[in-house]
Amino acid sequence: MADNISKSDDPSANDHKPQVRSPSPQPFLRMRPKHFFSNKFDMEIVEDYSKADAAGGPEGKRNWLGRLMELNLLLLILLIGVPVLVYCILSSAA
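So, a few notes on the structure that sits alongside this text. None of the values given here were measured: they were computed from a predicted structure.

## Considering the environment of Arg32
- With respect to the element layout, Arg32 can be found in strand E1 (residues 28-33).
- We classify Arg32 as partly exposed; its relative accessible area is 45%.
- Excluding anything up to four places from it in sequence, Arg32 contacts Lys40, Phe41, Asp42 and Glu44.

Spelled out as structure tokens, the structure:
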């Protein structure tokens, strides 16, 4: 006669699965200058923040000046950096 009742000592597969929880936001330290040309900073501890607060930083908003600076950097690399690199490679091979 077979015993249909499961034993309590047997581990089940559901007991060994790791429980996935969303990580709670950890507090972080935010530093901001007191004035634009100041070397003194205000420091504050931010304990709870939202995605909108995180997007409010320099990566959140991109104005026309930031895009222009990125374009200038790209042009500087392409017009000066790449030719100098090619010249260095060709001159070292000769």
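There's plenty left to go through after this.
## Focus: the environment of Met43
- Checked against the element boundaries, Met43 lands in strand E2 (residues 41-46).
- Overall, the relative accessible area of 54% leaves Met43 in the exposed class.
- For the pair Met43 and Pro33, spaced 10 residues apart in sequence, the C-alpha to C-alpha distance is 8.7 Å.
- Those residues within four positions of Met43 in sequence are excluded, and the remaining contacts are Leu29, Arg30 and Met31.

About the cut-offs
Residues numbered from 1 in each chain as written. Predicted model: local features only at pLDDT ≥ 70, side-chain atom pairs only at ≥ 80, totals over all residues. Heavy atoms only, no water. Helix = DSSP H or I, 4+ residues; strand = E, 2+ residues; numbered from the N terminus. Buried < 20%, exposed > 50% of the residue type's maximum accessible area, 1.4 Å probe, protein only. Contact = heavy atoms within 4.5 Å.

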